[in-house]
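# Understanding the architecture of this molecule
Here's the letter readout for the chains.
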Amino acid sequence: MSKYDSYFLMKAPEVPDYVQEKLSYFDKGAELECKEIGDGNLNYVFRVKDGKSGKSIIVKQAGEALRISADMHISTDRGRIEAKILGIQEMYAPGLVPKVYLYDGVMCAMIMEDMTGHTMMRTGLINHEIYPLFADHVTTFMVNSLLRTTDVVMGHKEKKELVKSFINPDLCEISEDLVYSEPFIDYNHRNNVFLPNQDFVREELYEDQALHLEAAKLKFEFMNHAQSLIHGDLHTGSVFINKEHTFIFDPEFAFFGPMGYDIGNVIANIFFAWCNGDAVISDEEKKAEFCTWCLQTISDVVDLFIEKYNKVFDEYATDRMAKVPGFKEWYLEQILSDTAGVAGLESIRRIVGMANVIDITTIPDEAKRTRAERIVITLAKKYIMNRETFRCGADYLTAIKEAVGK
Ligand code: SR1
Ligand code: MG
């Protein structure tokens, strides 16, 4: 009998004993300390460190109620999904995800590699750090983990088995509501609209029927297009990074969905960093350097994705009909349209929805924040309404320039 034979939510002082019971990672005489370090919306994240050897490990436990809202309850099965997908992603994109040492289905806890020497990317970006290799790393991660889990590459029966084991209804429902529905509904109690933008949001989002129709089409694409095993929440809070290396983690929203969902999330979230830099950095040279890097990164993410997509497709495609001339290009076009559509939806929901981002909410000057939000919404609408025209990095840069108006 063990204390851990039935589920309970751990407190930091209990976690070292849990780790010692579950795993031979630390020495018997280790002097373990533990801190809760999570700042996400859903789970509890503990760092356990041995004061003697300096070794450390992460324990992530799923609670039954969400941290962001005590009345939202979702299945703790998300931990199983996360542990399983990290193993698959490690196979296709080695070195770009943290190692999982153990998943405990009873305690709904995962023990994993501590990404020491890395910073959460959103935190780094708020401090206006530049990460020159990010676009290269994230596109390697996306192309390999996404394209290689499609029917183009993977055996169809193997893929269907995986589709089954990644059915993730509770977390998909969060995205269906928070990303694809609520930002367009006036008087939705969970929306967070910045007061000076109330009228702008009503006119531009709540009253725009043509926009609602496109959002509805994209919603049904998200729910019904089991294209590939997507991360499902690839914003800059799901990245730990330094100048040389990138870890992508926190894939608990994973399921088989349209791969443009991940790419669009990356693009939208890098633009939030641009908005913060544009509004907050006072030194003009530093501002130009940071903002130029953000724009270059958005453009590179699209162009490197396309370049690597073509290579991985040529090397790994197995389906006979996928090799028919013209199919590769046709398949890519749909991915790129989805990417632009999702970049727009993620942009909008982080401005007006339940889960805002600190890149925007910490802009202290009211007029600058108001302007930043309007730029994001204007740009997002272009992405959604004209998504078939976003075909390369330069298309994004043109649209951004228009939305910024300079
Ligand atoms: C209720 S959870 C809010 C958001 O946090 C997660 O990271 C996802 O982005 C989700 O939409
Ligand atoms: Mg998360």
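On a predicted model such as this, the values are computed, not experimentally measured, just so you know.

Parameters and conventions
- Residues numbered from 1 in each chain as written.
- Chains lettered and ligands numbered in written order.
- Predicted model: local features only at pLDDT ≥ 70, side-chain atom pairs only at ≥ 80, totals over all residues.
- Helix = DSSP H or I, 4+ residues; strand = E, 2+ residues; numbered from the N terminus.
- Buried ≥ 20, exposed ≤ 12 C-beta atoms within 10 Å, placed from the backbone.
- UniProt positions renumbered as here; feature names shortened; annotations may be inferred.
- Pairing = 2+ DSSP bridges.
- Near = placed C-beta within 6 Å.
- Nonpolar A, V, L, I, M, F, W, Y, C, P; charged D, E, K, R; others polar.
- Domains from an automatic or database assignment.
- Axes fitted to C-alpha atoms, helices over the stretch in contact; angles between N-to-C directions.
- Contact = placed C-beta atoms within 7 Å.
- Parallel < 35°, antiparallel > 145°, perpendicular 65-115°, else oblique.
- Left-handed = near helix turned anticlockwise from the far one by under 90°.

### As for the overall build of the protein chain
Within the protein chain, the regular secondary structure consists of 14 helices and ten strands. Principal axes of the C-alpha set define a box for the protein chain whose edges measure 60 × 55 × 40 Å. Taking all 406 residues of the protein chain together, 45% fall into the buried category.

### Describing the UniProt feature "domain: Aminoglycoside phosphotransferase" (unreviewed entry) in the protein chain
This chain's UniProt record puts "domain: Aminoglycoside phosphotransferase" (unreviewed entry) on residues 34-272. Within the segment residues 34-272, helix and strand shares are 39% and 18% respectively, and the terminal C-alpha atoms sit 33 Å apart.

### A few points about the sheet that holds strand 6 (residues 119-120)
Backbone hydrogen bonds hold the strands of a sheet together, and the pairing may be parallel or antiparallel. A sheet is described by the order of its strands in space; here three strands give the open sequence 6-8-9, paired in antiparallel fashion. Strands at the two margins of the open sheet, each flanked by one partner only, are strand 6 and strand 9 (246-248). The sheet contact formed by strand 8 (residues 239-241) and strand 9 spans three bridges and is antiparallel. Looking at the pairing, Phe 240 lines up with Phe 247 of strand 9.

### Observations concerning the pairing of strand 1 (residues 32-36)
Sheet topology places strand 1 next to strand 2 (residues 43-50); five bridges connect them, and they run antiparallel. Paired with Leu 32 across the two strands is Asp 50, which belongs to strand 2. Linking strand 1 back to strand 2 in an antiparallel pair, the connection comprises six residues.

### A few points about the site of ligand 1
In the vicinity of ligand 1, the contacting residues are Gly 40, Asn 41, Leu 42, Leu 66, Ile 68, Met 72, Ile 174, Ser 175, Leu 178, Asp 233 and Ala 355. Along the lines of polarity and charge, the residues of the shell around ligand 1 split into seven nonpolar, three polar and one charged. Both domains that furnish three or more residues to the shell around ligand 1 are identified here as domain 1 (3-113) and domain 2 (119-404).

### Quick notes on the pairing of strand 2
Judged from the seven bridges that link them, strand 2 and strand 3 (residues 56-62) form a sheet pairing that is antiparallel. Residue pairing for strand 3: Asn 43 is matched across the bridge by Ala 62. Between strand 2 and strand 3, which pair antiparallel in sequence order, lie five residues; one of them, Gly 54, sits at a positive phi of approximately 80°.

### Comments concerning the environment of Ala 317
Structurally, the position occupied by Ala 317 is in the loop between helix 10 (284-316) and helix 11 (327-352). For the pair formed by Ala 317 and Met 154, sequence separation is 163 residues and the distance between their alpha carbons is 8.1 Å.

### Re the domain arrangement of the protein chain
On domain assignment, one finds that the protein chain holds domain 1 (3-113) and domain 2 (119-404). A straight line from the C-alpha centre of domain 1 to that of domain 2 covers 27 Å. Residue classes in the side of domain 1 that touches domain 2 are distributed as twelve nonpolar, four polar and three charged.

### A few points about the sheet that holds strand 3
Spatially, 1-2-3-5-4 is the arrangement adopted by the five strands of the open sheet, whose pairing is antiparallel. Each end of this open sheet is capped by a strand with a single partner; those strands are strand 1 and strand 4 (100-104). Averaged over all pairs of adjacent strands, the angle between strand axes in this sheet comes to 20°, irrespective of strand direction.

### Concerning unusual backbone geometry
In this model, Tyr 187 sits at a positive phi of 60°, which is unusual for a non-glycine residue. Since 6 C-beta atoms lie within 10 Å of it, Tyr 187 is described here as exposed. You will see that Asp 250, though not glycine, has its phi angle at about 65°, which is positive. Structurally, Asp 250 is set in the loop between strand 9 and strand 10 (255-257).

### So, the environment of Ala 372
The topology assignment puts Ala 372 in helix 13 (residues 366-385). Along the sequence, Ala 372 and Leu 42 sit 330 residues apart, while their C-alpha atoms lie 27 Å from each other. Excluding anything up to four places from it in sequence, Ala 372 contacts Cys 275, Ala 279, Ile 360 and Ile 363.

### Details of the packing of helix 9 (residues 260-280) against helix 13
Where helix 9 contacts helix 13, the two axes come as close as 10 Å, and the packing angle between them is 150°. Comparing their axes, helix 13 and helix 9 come out roughly antiparallel. Here the hand of the crossing between helix 9 and helix 13 comes out right-handed. Across the interface between the two elements, Phe 271, Cys 275 and Ala 279 of helix 9 pack against Lys 368, Arg 369, Ala 372, Ile 375 and Val 376 of helix 13. A breakdown of the residues in the contact of helix 9 with helix 13 according to their chemical character gives six nonpolar, no polar and two charged.

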